[in-house]
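Each chain, written out:
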Amino acid sequence: MSLRKTHQLRRHFLKASTPNRMSVLLKTELYRLQLMAESPVYNLFSVPKRNGKLRWIEDPDKPLKTVQGILNDYLQAVYFLGRTDAAFGFLIGVKKDKDPRNIITNAERHLGMPHLLNADMKDFFHTVKAAAVFRIFTESPFEFSTELAELLTGLTTHQGRLPMGAPTSPVLSNFAAIGLDNKLQQLADWGSWRYTRFADDMSFSSETAISVQDIHKIRDIVESFDFMLNDEKLKSFGPDDEKTVTGLVVADKVRLPTEYIPKLQREIDKLNSVVDAQYQMGWKKSRWVEKYKQQVTGRVNFATYVMGEDLPESIHLYEKLDKALEAPTDFMPVNWMEFDYW
């Protein structure tokens, strides 16, 4: 998206200051928007986390998701043009951006710092309550009426908080964390630290050790904005430790963990076996196989994005993935009618 387009989206959204104008912008009749806001329909399912626990996803039904998708484009434009210095996650990409924000530039902010503290906020989306979303829409830069703010809050919340699975939840969580970012940045400036936040992951780096008392100050600020630190993911690194920020190693440069590529290659080999088995079953499609293909492809894209797409290691990964996804040439689906019977 161009910077000009971003400004245009922001301007159009802020001008849609009545429910009727907003319905035109969202390409949906007002009475339909009101029905969706009053009784939003979500489909609940779970996906496993890395720790073995389940993450519950609230997937909005198609009409609501369509509206949220349009709404998200406008909200992203508004947030991008007012983003905090610390925010690096859930942001759109804009052409020729002089300050690009992504998982790599987030980690790069902490290069060369001997001390690092990583902190994580618990239940990030669900912590953002409907009342907080309502305040977002009534305060600057929106300053919408109560009627419009209630409509937008109903369209973007479920069971009184941001749902995990709605297209609008990531950007609204960033809006909800603006005050938090500004306060933590003040603390970081006081301590001569570097502070960044990628979604619910916060990183603080410093020339000197970040003390227990400093962590208490961070916790007090986080809790003052109704968020919670996840003590299980609180981790400090010293000068001699290998440091990671949002899963990336921060050393002389930002790179993937040593075990990432070997593990990914094994995953591609596994995918190759799965695809072979799928074709042996007679070209029958399977939802979980398609999902697995998407997951492995996403991991390969991530790895090549971090390493650089033109490097030999990246090209090799792409070739290995393409081969795994191809139909096997040494056999075809079995037609049992072609066999003789004795």
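Described in the following lines is the structure provided in the data block.

Cut-offs and rules
- Residues numbered from 1 in each chain as written.
- Predicted model: local features only at pLDDT ≥ 70, side-chain atom pairs only at ≥ 80, totals over all residues.
- Heavy atoms only, no water.
- Phe/Tyr/Trp six-rings, centres within 6.5 Å; stacked < 30°, edge-to-face > 60°.
- Buried < 20%, exposed > 50% of the residue type's maximum accessible area, 1.4 Å probe, protein only.
- Helix = DSSP H or I, 4+ residues; strand = E, 2+ residues; numbered from the N terminus.
- Expected span 1.5 Å × (residues − 1).
- Arc of directions from axis to C-beta.
- Contact = heavy atoms within 4.5 Å.

Observations concerning the packing of aromatic side chains
As enumerated under the stated definition, the model contains 13 aromatic pairs in all. When the centroid spacing of 5.6 Å and the interplanar angle of 45 degrees are considered together, the rings of F142 and F144 count as tilted. Taken individually, F142 and F144 each receive the classification buried, so the pair is uniform in this respect. Between W193 and F204, the aromatic rings sit 6.0 Å apart at their centres with planes inclined by 80 degrees, giving edge-to-face as the arrangement. Taken as a pair, W193 in the loop between α10 (178-191) and β4 (194-198) and F204 in strand β5 (residues 201-206) lie far apart in primary sequence, 11 residues in all. No difference in accessibility class separates W193 from F204, as the two residues are buried. Ring pairing ties together the aromatic residues F13, Y74, Y79, F137, F142, F144 and F175, which thus form one cluster.

Describing unusual backbone geometry
The linkage connecting S140 with the following residue, P141, adopts the cis geometry, with an omega of 10 degrees. Of note, P141 is situated in the loop between α7 (130-138) and α8 (146-156). Not every positive phi belongs to a glycine, and S192 is a case in point at roughly 60 degrees. Counting through the fold element by element, S192 comes out in the loop between α10 and β4. Overall, the relative accessible area of 56% leaves S192 in the exposed class.

Focus: helix α13 (residues 287-307)
It helps to recall that an α-helix has 3.6 residues per turn; residues three or four apart then point in one direction. With 21 residues, α13 should cover 30 Å at 1.5 Å per step; its first-to-last C-alpha distance of 30 Å lies within 8% of that length. Of the residues making up α13, those classed as buried are V289, Y292, K293, V296, V300, A303, T304 and V306. On an axial view of α13, the arc spanned by its buried residues comes to 165 degrees, and they lie on one face. Exposed side of α13, more than 90 degrees from the buried face: R287 and Q294 are the residues found there. Contact partners of the buried residues in α13: α5 (103-108), β8 (248-250), β9 (254-255), α12 (260-280) and α14 (312-325).

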